[in-house]
Amino acid sequence: MKHPFTFNLSRSGHQLEIPADKLVTDVLIESGIPIDIKCSGGICGACKCRPVSGEVEHRDLVLSKMQREEVDILCQSRAAEAGGVVEVAL
């Protein structure tokens, strides 16, 4: 089940609220923040980035368990808990 959470961009200082019914990449685009995205389905890896903090629920189909310790696929990943905060190096 998807839930709302806060998404922080460490480099730019943007803080975005991600509703339960939207993807991180959708909110980034709507906010005018450029992001490389191709599939929106978690299979291509184009939108990967490095998480800085927060517990991430990975919903992608491309990363191995080891890769998930260092990389996040933005189009499908969410905070692990409702109301959680995820910060990435963007």
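To start, this report covers the structure provided alongside it.

Scoring rules and cut-offs
Residues numbered from 1 in each chain as written. Predicted model: local features only at pLDDT ≥ 70, side-chain atom pairs only at ≥ 80, totals over all residues. Heavy atoms only, no water. Helix = DSSP H or I, 4+ residues; strand = E, 2+ residues; numbered from the N terminus. Rg over C-alpha atoms; globule rule 2.2 N^0.38 Å. Areas by Shrake-Rupley, 256 points an atom, 1.4 Å probe, with all protein chains shown as cover. Pairing = 2+ DSSP bridges. Axes fitted to C-alpha atoms, helices over the stretch in contact; angles between N-to-C directions. Core = buried A, V, L, I, M, F, W, Y, C linked by side-chain atoms within 4.5 Å. Buried < 20%, exposed > 50% of the residue type's maximum accessible area, 1.4 Å probe, protein only. Contact = heavy atoms within 4.5 Å.

### Some points on the overall build of the protein
The secondary structure content of the protein amounts to one helix and eight strands. For the protein, the sequential pattern of α-helices and β-strands runs β-β-α-β-β-β-β-β-β. Taking 12 Å as the expected radius of gyration for a compact globule of 90 residues, we find that the protein reaches 12 Å, a close match to that expectation. With an accessible surface of roughly 5,100 Å², the protein has 51% of that area assigned to carbon and sulfur atoms.

### Here's the deal with the sheet that holds strand S8 (residues 85-88)
Here four strands make up an open sheet; going across it, the order is S2-S1-S8-S4 and the pairing mixed. Each edge of the open sheet is held by one strand with a lone partner, namely strand S2 (15-18) and strand S4 (51-53). Sheet twist, expressed as the average angle between the axes of neighbouring strands with direction ignored, equals 30 degrees. Pairing analysis gives four bridges linking strand S1 (residues 5-9) to S2, with the strands arranged antiparallel. Looking at S2, one finds that Phe5 is bridged to Ile18.

### A closer look at the nonpolar core
Residues Phe7, Leu28 and Leu74 are the most contacted members of the largest nonpolar core, which totals 21 residues. Listed by contribution, the elements that provide at least two residues to this core are S1, S2, helix H1 (24-30) and S8. Those residues within four positions of Phe7 in sequence are excluded, and the remaining contacts are His14, Gln15, Leu16, Ile18, Val24, Leu28, Leu74, Val86 and Val88.

### A look at the pairing of S8
By the alternation rule, side chains of S8 split into Val86 and Val88, which are all buried, and Val85 and Glu87, of which none is buried. Note that S4 and S8 share two bridges and pair antiparallel. What sits directly across from Pro51, in S8, is Val88.

### Some words on the environment of Leu63
Note that Leu63 resides in the loop between strand S5 (56-57) and strand S6 (72-73). As for Leu63 and Ser12, which are separated by 51 residues in sequence, their C-alpha atoms are 26 Å apart. Excluding residues within four positions of it along the chain, Leu63 makes contact with Arg68, Val71, Asp72 and Ile73.

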